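As a plain string of letters, each chain reads:
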Amino acid sequence: MTQLYDRVALIGLGLIASSMAYAMREKGLAGEIVGTARSAETRDIAREIGFCDEIFDTAAEAVKDADLVILAVPVGAMSAIAQEIGPHLAAGATVSDVGSVKREVVEAVQPHLPDHVHFIPSHPIAGTEHSGPRSGFAELFQNRFLLLTPLEGTDPEQVAKLTSLWTEMGSNVEQMPVDHHDLVLAVTSHTPHLIAYTMVGVADDLRRVTDSEVIKYSAAGFRDFTRIAASDPTMWRDVFLHNKEATLEVLGRFTEELFALQRAIRTGDGDQLFDYFSHTRAIRRGIIEAGQDTSAPDFGRIGTKK
Ligand code: NAP
């Protein structure tokens, strides 16, 4: 048991915040965990489940006397929350966020924070397609990366303390410049989500294949797109609106590659297709070697009913 913070305030009580609460409790990392959410319904569910010691009706009340404040709301809601809590933050407190985009969150949050707090943006590379206060679990961050994007001049001691918190929750913490984060995530997360949304939309639109056929034969590959395409619409709308440039850049490259492969199929250029697929297969091996997925066939589903 290593208590790192006396009072942690979670703003937003969805997947990420509730998972943090469970993970912090399990390890005794916080003296007290308090929280708030926008709707009375979510606040009531959180009270009923009990993953926080106290739930407040407003963010302004929740942050009072907290030495760590975590903003765990959709990226587009960060600015209004920062504005609300700014005047109520304790001197010396650390404010962090878990938003999937960093540059626009920094620009939205920083101007509203007083000089006497430390703002350390972060992003857990961990999630599921589920959302809301009932979706959290303590192991969410186990063996997942946590990217910190500290700003110039931030107190290294506070960065080290927040690093310890995430490490204790199971994450592998790394640091990255703000803009580089947004480009990396555009490649590894944001564009793949857009492609999955599109593929599922296309299947729905292709009238010559019936809905029941799509569902019945989905294990042929489509099923894995549907998991990603089931992700929270509000969160993902905000990700694209706030990581516009990097996503558009990666999408441009994607479209060019897609055209090249389309042409290879049309002209019967088997060598090009084979070389391309051999290269991508090696990337998959790298992900498994890094411990970021299972090498079991079909993501380990074989023999299970998942
Ligand atoms: P979530 O489960 O949907 O929960 C979001 C929380 O934010 C809810 O408590 C919700 O309150 C509140 N909220 C929504 N809109 C709001 C608004 N306009 N003003 C104030 N509060 C609002 O979301 P999550 O998955 O935990 O995601 C939270 C943050 O983590 C997002 O910034 C997301 O980009 C980031 N993130 C998500 C994942 C992932 O895979 N899910 C991974 C890494 C980072 P109500 O329930 O009352 O509406």
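Residues numbered from 1 in each chain as written. Predicted model: local features only at pLDDT ≥ 70, side-chain atom pairs only at ≥ 80, totals over all residues. Heavy atoms only, no water.

J.: Summarise the site of the ligand; cite the residues concerned and give the values.
T.: Near the ligand, the surroundings consist of 27 residues, among which Ser39, Thr42, Val73, Ser100 and Gly132 are the closest. Here an oxygen atom of the ligand and a backbone polar atom of valine 73 are 2.7 Å apart. Across the complex, the protein chains shield 85% of the 900 Å² of accessible surface that the ligand would expose by itself. Elements that contribute at least two residues to the shell around the ligand include exactly helix H1 (15-27), helix H4 (78-85) and strand S7 (122-124). Residue composition of the shell around the ligand, by class: 15 nonpolar, 11 polar and 1 charged. (Near = heavy atom within 4 Å. Polar contact = N/O pair within 3.5 Å; in protein donor to acceptor, adjacent residues only side chain to side chain. Areas by Shrake-Rupley, 256 points an atom, 1.4 Å probe, with all protein chains shown as cover. Helix = DSSP H or I, 4+ residues; strand = E, 2+ residues; numbered from the N terminus. Nonpolar A, V, L, I, M, F, W, Y, C, P; charged D, E, K, R; others polar.)

J.: Provide a residue-level description of the domain arrangement of the protein chain, including the pertinent values.
T.: Assigned domains of the protein chain: these are domain 1 (5-176) and domain 2 (180-268). Computed over C-alpha atoms only, the centres of domain 1 and domain 2 are separated by 29 Å. Of the residues lining the interface, 16 residues belong to domain 1; the matching set on domain 2 comes to 17 residues. Between domain 1 and domain 2 lies a buried interface of about 1,300 Å² when both sides are counted; carbon and sulfur atoms form 64% of it. Along the contact surface separating domain 1 from domain 2 lie 1 salt bridge. Put simply, arginine 227 and glutamate 129 hold a salt bridge, and the shortest N to O gap is 3.3 Å. Here domain 1 and domain 2 share 8 residue pairs in polar contact (both at pLDDT 80 or more) between them. (Domains from an automatic or database assignment. Contact = heavy atoms within 4.5 Å. Buried area = accessible area lost by both parts, 1.4 Å probe. Salt bridge = Lys/Arg side-chain N within 4 Å of Asp/Glu carboxyl O.)

J.: Tell me about the pattern of salt bridges, and please be specific about residues and values.
T.: Under the defined criterion, the tally for this structure stands at 13 salt bridges. Between aspartate 65 and lysine 64 there is a salt bridge, with the nearest N and O atoms lying 3.8 Å from each other. Accessibility classification places aspartate 65 together with lysine 64 in one group, the exposed group. The shortest N-O distance in the salt bridge between arginine 237 and aspartate 238 comes to 3.0 Å. (Buried < 20%, exposed > 50% of the residue type's maximum accessible area, 1.4 Å probe, protein only.)

J.: Let's hear about a nonpolar patch on the surface: which residues, and what values?
T.: A contiguous nonpolar patch, built from Met199, Val202 and Phe225 and spanning about 220 Å² of accessible area, is present on the exposed surface. With respect to the element layout, valine 202 can be found in helix H7 (residues 178-205). What makes valine 202 partly exposed here is its relative accessible area of 39%. (Patch = residues over 30% accessible without salt bridge, like charges linked within 9 Å, V, L, I, M, F, W, Y side chains within 5 Å.)

J.: Account for the environment of glycine 286, naming residues and giving values.
T.: Locating glycine 286 in the fold gives a position in helix H12 (residues 270-289). Taking relative accessible area as the criterion, glycine 286 reaches 34% and is therefore assigned partly exposed. With 61 residues separating them in the primary sequence, glycine 286 and phenylalanine 225 have C-alpha atoms 21 Å apart.

J.: Describe the side chain of lysine 102, naming the residues involved and giving the relevant values.
T.: Positionally, lysine 102 belongs in the loop between strand S5 (94-97) and helix H5 (103-109). A distance of 2.8 Å separates the side chain of lysine 102 from the side chain of aspartate 97, its partner in a polar contact. Other than its neighbours up to four places away in sequence, lysine 102 contacts Asp97, Pro121, Ser122, His123, Thr149, Val178, His181 and Asp182.

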